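A look at the structure
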Amino acid sequence: MVLLAAAVCTKQGKALLSRQFVEMTRARVEGLLGAFPKLIGSGKQHTFVETESVRYVYQPLERLYMLLVTTKTSNILEDLETLRLFSRVVRLLLLLFAPSPSTPNVSRVIPEYCQRLDEQDVLDNAFDLIFAFDEIVALGYRENVNLAQIRTFTEMDSHEEKVYEAMRKSQEKEARDEMKRRAKELQMAKKEATKRGGRGHGYNVGGGFWFC
(Lines give C-alpha, C1' and ligand atoms only; values in the text may rest on other atoms or scores of the structure.)
Protein backbone atom coordinates (compact mmCIF):
# COMPACT_ATOMS: atom_id res chain seq x y z
CA MET A 1 0.00 0.00 0.00
CA VAL A 2 0.97 3.62 -0.41
CA LEU A 3 -0.40 5.71 2.40
CA LEU A 4 -0.55 9.38 1.49
CA ALA A 5 -1.75 10.87 4.76
CA ALA A 6 -3.38 10.10 8.11
CA ALA A 7 -5.68 12.45 9.98
CA VAL A 8 -7.99 12.72 12.96
CA CYS A 9 -11.02 14.82 12.16
CA THR A 10 -14.44 15.61 13.60
CA LYS A 11 -17.68 14.18 12.28
CA GLN A 12 -18.26 17.59 10.68
CA GLY A 13 -15.01 17.22 8.72
CA LYS A 14 -12.77 19.57 10.70
CA ALA A 15 -9.21 18.20 10.66
CA LEU A 16 -7.68 18.28 14.16
CA LEU A 17 -4.31 16.93 13.06
CA SER A 18 -2.87 15.36 9.94
CA ARG A 19 0.38 13.76 8.91
CA GLN A 20 1.46 13.30 5.30
CA PHE A 21 3.84 10.48 4.42
CA VAL A 22 4.73 11.41 0.85
CA GLU A 23 5.68 14.70 -0.71
CA MET A 24 2.56 16.79 -1.27
CA THR A 25 1.81 20.48 -1.12
CA ARG A 26 -0.15 21.83 1.81
CA ALA A 27 -2.92 22.86 -0.58
CA ARG A 28 -3.15 19.28 -1.86
CA VAL A 29 -3.43 17.86 1.67
CA GLU A 30 -6.03 20.42 2.67
CA GLY A 31 -7.97 19.69 -0.50
CA LEU A 32 -8.03 15.95 0.16
CA LEU A 33 -9.12 16.38 3.77
CA GLY A 34 -11.67 19.02 2.84
CA ALA A 35 -13.31 16.72 0.29
CA PHE A 36 -13.77 13.84 2.74
CA PRO A 37 -16.91 15.05 4.60
CA LYS A 38 -18.74 15.55 1.31
CA LEU A 39 -18.08 11.97 0.25
CA ILE A 40 -19.56 10.17 3.24
CA GLY A 41 -23.27 10.14 3.89
CA SER A 42 -24.81 10.21 7.35
CA GLY A 43 -25.85 6.84 8.66
CA LYS A 44 -23.76 4.83 6.20
CA GLN A 45 -21.73 1.99 7.64
CA HIS A 46 -19.06 1.81 4.94
CA THR A 47 -15.42 2.07 6.01
CA PHE A 48 -14.01 3.42 2.77
CA VAL A 49 -14.92 5.64 -0.15
CA GLU A 50 -13.08 6.31 -3.40
CA THR A 51 -12.61 9.19 -5.79
CA GLU A 52 -10.94 9.16 -9.18
CA SER A 53 -7.50 9.53 -7.60
CA VAL A 54 -7.52 8.35 -3.96
CA ARG A 55 -9.21 6.08 -1.46
CA TYR A 56 -10.42 7.28 1.95
CA VAL A 57 -10.42 4.61 4.65
CA TYR A 58 -12.03 5.69 7.90
CA GLN A 59 -13.26 4.51 11.27
CA PRO A 60 -15.41 6.33 13.84
CA LEU A 61 -13.74 7.19 17.16
CA GLU A 62 -16.64 8.36 19.31
CA ARG A 63 -17.30 11.85 17.96
CA LEU A 64 -14.25 11.76 15.70
CA TYR A 65 -12.96 9.91 12.64
CA MET A 66 -9.62 8.22 12.15
CA LEU A 67 -8.92 8.76 8.47
CA LEU A 68 -6.33 7.35 6.07
CA VAL A 69 -5.85 8.57 2.52
CA THR A 70 -4.28 5.96 0.24
CA THR A 71 -3.75 5.36 -3.45
CA LYS A 72 -6.50 3.45 -5.24
CA THR A 73 -4.06 0.67 -6.12
CA SER A 74 -3.38 -0.17 -2.48
CA ASN A 75 -4.69 -3.41 -0.99
CA ILE A 76 -7.98 -2.65 0.78
CA LEU A 77 -7.47 -5.43 3.33
CA GLU A 78 -4.07 -4.02 4.27
CA ASP A 79 -5.63 -0.55 4.38
CA LEU A 80 -8.26 -1.71 6.86
CA GLU A 81 -5.68 -3.49 9.02
CA THR A 82 -3.52 -0.37 9.11
CA LEU A 83 -6.57 1.74 9.92
CA ARG A 84 -7.34 -0.44 12.93
CA LEU A 85 -3.77 -0.03 14.18
CA PHE A 86 -3.96 3.74 13.81
CA SER A 87 -7.27 3.82 15.69
CA ARG A 88 -5.92 1.72 18.54
CA VAL A 89 -2.79 3.88 18.76
CA VAL A 90 -4.88 7.05 19.03
CA ARG A 91 -6.98 5.57 21.82
CA LEU A 92 -3.94 4.17 23.63
CA LEU A 93 -1.92 7.38 23.56
CA LEU A 94 -4.82 9.53 24.71
CA LEU A 95 -5.29 7.06 27.54
CA LEU A 96 -1.61 7.15 28.49
CA PHE A 97 -1.20 10.92 28.38
CA ALA A 98 -4.69 12.00 29.47
CA PRO A 99 -5.89 9.22 31.80
CA SER A 100 -9.32 9.41 33.34
CA PRO A 101 -9.79 8.31 37.00
CA SER A 102 -12.98 6.53 35.99
CA THR A 103 -11.28 4.48 33.26
CA PRO A 104 -11.30 0.75 34.04
CA ASN A 105 -7.92 -1.00 34.35
CA VAL A 106 -8.68 -3.18 31.32
CA SER A 107 -8.39 -0.07 29.15
CA ARG A 108 -4.63 -0.02 29.65
CA VAL A 109 -4.43 -3.34 27.84
CA ILE A 110 -7.35 -2.97 25.44
CA PRO A 111 -7.41 0.62 24.15
CA GLU A 112 -10.96 0.25 22.80
CA TYR A 113 -12.14 0.59 26.41
CA CYS A 114 -10.49 3.95 27.07
CA GLN A 115 -12.33 7.16 27.95
CA ARG A 116 -14.44 9.06 25.50
CA LEU A 117 -12.39 10.95 22.95
CA ASP A 118 -12.89 14.62 22.26
CA GLU A 119 -11.26 17.35 20.22
CA GLN A 120 -9.27 18.82 23.10
CA ASP A 121 -7.65 15.48 23.95
CA VAL A 122 -6.38 15.21 20.38
CA LEU A 123 -5.15 18.81 20.26
CA ASP A 124 -3.39 18.51 23.63
CA ASN A 125 -1.51 15.40 22.50
CA ALA A 126 -1.02 16.22 18.82
CA PHE A 127 2.76 15.91 18.83
CA ASP A 128 2.72 12.54 20.59
CA LEU A 129 0.17 11.26 18.08
CA ILE A 130 2.21 12.46 15.11
CA PHE A 131 5.36 10.82 16.49
CA ALA A 132 3.40 7.58 16.87
CA PHE A 133 2.05 7.87 13.31
CA ASP A 134 5.65 8.07 12.10
CA GLU A 135 6.36 4.76 13.83
CA ILE A 136 3.59 3.10 11.79
CA VAL A 137 4.33 4.51 8.33
CA ALA A 138 7.55 5.63 6.65
CA LEU A 139 7.64 7.17 3.17
CA GLY A 140 4.13 5.94 2.51
CA TYR A 141 4.71 2.31 3.46
CA ARG A 142 3.58 0.43 6.55
CA GLU A 143 6.32 -0.48 9.01
CA ASN A 144 6.42 -3.94 10.57
CA VAL A 145 5.35 -2.82 14.05
CA ASN A 146 2.50 -3.69 16.39
CA LEU A 147 0.67 -1.80 19.11
CA ALA A 148 2.94 -3.05 21.93
CA GLN A 149 6.07 -1.86 20.11
CA ILE A 150 4.58 1.55 19.37
CA ARG A 151 3.60 1.90 23.01
CA THR A 152 7.16 1.06 24.07
CA PHE A 153 8.68 3.56 21.62
CA THR A 154 6.26 6.28 22.73
CA GLU A 155 6.86 5.68 26.43
CA MET A 156 10.63 5.79 25.84
CA ASP A 157 10.28 9.14 24.07
CA SER A 158 8.08 10.39 26.90
CA HIS A 159 10.64 9.27 29.51
CA GLU A 160 13.48 11.01 27.69
CA GLU A 161 11.39 14.18 27.51
CA LYS A 162 10.71 14.01 31.26
CA VAL A 163 14.43 13.52 31.99
CA TYR A 164 15.29 16.54 29.83
CA GLU A 165 12.62 18.63 31.53
CA ALA A 166 13.91 17.61 34.98
CA MET A 167 17.48 18.57 34.01
CA ARG A 168 16.29 21.92 32.66
CA LYS A 169 14.42 22.71 35.87
CA SER A 170 17.43 21.66 37.95
CA GLN A 171 19.71 24.01 35.98
CA GLU A 172 17.24 26.85 36.34
CA LYS A 173 17.08 26.26 40.10
CA GLU A 174 20.88 26.25 40.35
CA ALA A 175 21.01 29.54 38.43
CA ARG A 176 18.41 31.12 40.74
CA ASP A 177 20.26 29.87 43.83
CA GLU A 178 23.52 31.34 42.49
CA MET A 179 21.87 34.70 41.89
CA LYS A 180 20.48 34.69 45.43
CA ARG A 181 23.91 33.81 46.83
CA ARG A 182 25.61 36.63 44.92
CA ALA A 183 22.89 39.09 45.95
CA LYS A 184 23.35 38.07 49.58
CA GLU A 185 27.12 38.57 49.31
CA LEU A 186 26.59 41.99 47.81
CA GLN A 187 24.16 42.94 50.57
CA MET A 188 26.58 41.79 53.26
CA ALA A 189 29.41 43.75 51.63
CA LYS A 190 27.25 46.87 51.59
CA LYS A 191 26.41 46.45 55.29
CA GLU A 192 30.05 45.95 56.12
CA ALA A 193 30.97 49.10 54.22
CA THR A 194 28.25 51.05 56.01
CA LYS A 195 29.56 49.88 59.40
CA ARG A 196 33.07 51.00 58.54
CA GLY A 197 31.79 54.29 57.23
CA GLY A 198 34.31 54.13 54.44
CA ARG A 199 33.95 55.80 51.10
CA GLY A 200 35.84 55.32 47.89
CA HIS A 201 36.76 51.72 48.66
CA GLY A 202 36.27 48.86 46.21
CA TYR A 203 35.01 45.42 47.16
CA ASN A 204 35.36 42.25 45.12
CA VAL A 205 32.10 40.33 45.45
CA GLY A 206 31.62 36.89 43.86
CA GLY A 207 33.87 37.63 40.93
CA GLY A 208 32.21 41.01 40.28
CA PHE A 209 33.31 44.44 41.50
CA TRP A 210 31.21 46.78 43.53
CA PHE A 211 32.42 50.34 44.12
CA CYS A 212 31.19 52.51 46.96
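Residues numbered from 1 in each chain as written. Predicted model: local features only at pLDDT ≥ 70, side-chain atom pairs only at ≥ 80, totals over all residues. Heavy atoms only, no water.

Identification of the protein chain as Coatomer subunit delta from Geodia barretti is taken from an unreviewed UniProt entry.

The next subject is the pattern of salt bridges. For side chains of opposite charge, pairing can occur when their charged atoms come near one another. Scanning all chains against the criterion turns up seven salt bridges. Measuring nitrogen to oxygen at the nearest pair gives 2.9 Å for the salt bridge that ties Asp134 to Arg19. Taken together, the positions of Asp134 in helix H4 (residues 126-136) and Arg19 in strand S2 (residues 15-20) put the pair 115 residues apart, joining distant regions of the chain. Given the relative accessible area of 29%, Asp134 is considered partly exposed. (Salt bridge = Lys/Arg side-chain N within 4 Å of Asp/Glu carboxyl O. Helix = DSSP H or I, 4+ residues; strand = E, 2+ residues; numbered from the N terminus. Buried < 20%, exposed > 50% of the residue type's maximum accessible area, 1.4 Å probe, protein only.)

Of all eight residues in strand S1 (residues 3-10), eight are buried; the element is thus mostly enclosed. Bridge count between S1 and strand S5 (residues 64-71): seven bridges; the pairing is antiparallel. Bridge pairing in S5 links Thr10 to Leu64. Where S1 meets S2, five bridges bridge the pair, whose relative direction is antiparallel. By the bridge assignment for S2, Ala6 is matched with Arg19. The loop that links S1 with its antiparallel partner S2 comprises four residues; one of these, Gly13, has a positive phi angle of about 100°. (Pairing = 2+ DSSP bridges.)

What follows is about the environment of Met66. Along the polypeptide, Met66 turns up in strand S5. Separated by 17 residues in sequence, Met66 and Leu83 have C-alpha atoms that sit 7.5 Å apart. Look past the residues within four positions of Met66 in its chain and what remains in contact with it is Ala6, Ala7, Val8, Val57, Tyr58, Gln59, Leu61, Leu83, Phe86, Ser87, Val90 and Phe133. (Contact = heavy atoms within 4.5 Å.)

In the UniProt entry, the feature "coiled-coil region" (unreviewed entry) is given for residues 169-196. Secondary structure across residues 169-196 comprises 100% helix and 0% strand; the distance between its end C-alpha atoms is 41 Å. (UniProt positions renumbered as here; feature names shortened; annotations may be inferred.)

Moving on, we get to the sheet that holds strand S3 (residues 48-50). Adjacent strands of a sheet pair through backbone hydrogen bonds, lying either parallel or antiparallel. The antiparallel open sheet is built from five strands, whose spatial order is S2-S1-S5-S4-S3. Looking along the sheet, the strands with just one partner apiece sit at the ends: S2 and S3. Across the sheet, the axes of successive neighbouring strands diverge by a mean angle of 20°, strand direction being ignored. Relative to S5, strand S4 (residues 54-61) runs antiparallel, the two being bridged by eight bridges. Considered in S5, the bridge of Val57 is made with Leu68. (Axes fitted to C-alpha atoms, helices over the stretch in contact; angles between N-to-C directions.)

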